[in-house]
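Read off the chains here:
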Amino acid sequence: MHRTGIDPIWQDLTVIERLVHESRTVAVVGLSADPARPSFGVAKYLVASGLRVLPVNPALTEWEGLPAYASLADIDVPIDIVDVFRRPEHAPGHAEQAVAVGAGALWLQIGVISEQAARIAADGGLDVVMDRCLKVEHREVVGWS
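Residues numbered from 1 in each chain as written. Predicted model: local features only at pLDDT ≥ 70, side-chain atom pairs only at ≥ 80, totals over all residues. Heavy atoms only, no water.

**A look at the side chain of Arg 132**
With respect to the secondary-structure elements, Arg 132 resides in the loop between strand E7 (127-130) and helix H5 (134-142). Judged by its relative accessible area of 9%, Arg 132 is buried. Of the polar contacts made by the side chain of Arg 132, one reaches the side chain of Glu 137; its length is 2.9 Å. (Helix = DSSP H or I, 4+ residues; strand = E, 2+ residues; numbered from the N terminus. Buried < 20%, exposed > 50% of the residue type's maximum accessible area, 1.4 Å probe, protein only. Polar contact = N/O pair within 3.5 Å; in protein donor to acceptor, adjacent residues only side chain to side chain.)

**Brief notes about helix H3 (residues 91-100)**
The set of residues buried in H3 consists of Ala 91, Pro 92, His 94, Ala 95 and Ala 98. The arc that holds the buried residues of H3, viewed along the axis, is 160 degrees, so those residues lie on one side. On its buried side, H3 packs onto strand E1 (25-29), strand E5 (81-84), strand E6 (105-108) and helix H4 (115-123). Gly 102, located one to two residues past H3, shows a positive phi value of around 75 degrees. (Arc of directions from axis to C-beta. Contact = heavy atoms within 4.5 Å.)

**Quick look at the packing of H3 against H4**
In contact at an axis separation of 8 Å, H3 and H4 are set at 10 degrees when each is read in the N-to-C sense. As far as their axial angle goes, H4 and H3 are roughly parallel. Taking contact as the criterion, the partners of Ala 91, Pro 92, Ala 95, Glu 96 and Val 99 in H3 are, on H4, Gln 116, Ala 117, Ile 120 and Ala 121. Tallied by class, residues from the contact of H3 with H4 come to seven nonpolar, one polar and one charged. (Axes fitted to C-alpha atoms, helices over the stretch in contact; angles between N-to-C directions. Parallel < 35°, antiparallel > 145°, perpendicular 65-115°, else oblique. Nonpolar A, V, L, I, M, F, W, Y, C, P; charged D, E, K, R; others polar.)

Written out as structure tokens, the structure is:
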């Protein structure tokens, strides 16, 4: 089932399940140092579940002991998922960067709805998930809490 107004192609459960099972490295764009922010909670969960989290936020030098990156271009390891926690108007630029670095997927968190970003990423060969929470989907698919 997809949320109203979102093209179901961007919420394909087969793609979501494959990404959750196969991905090991997640660049979290817009990761906040504020524990009250959703990005913080999602990233903490991902780390605890054994995934490698790459914090991306130009305002941070580190997050929870992990080195932070100013942009996706600064990351020197392969990225399975680019998980975006920024306002929708910023998503197309992050999609372009995700394509440029050869990421495997662009994941736009709940409320980050950008058809343009989704098209950029898909046209660049990336899997795309939009308006879904990686933590929720991971927990549902893997059963890790």
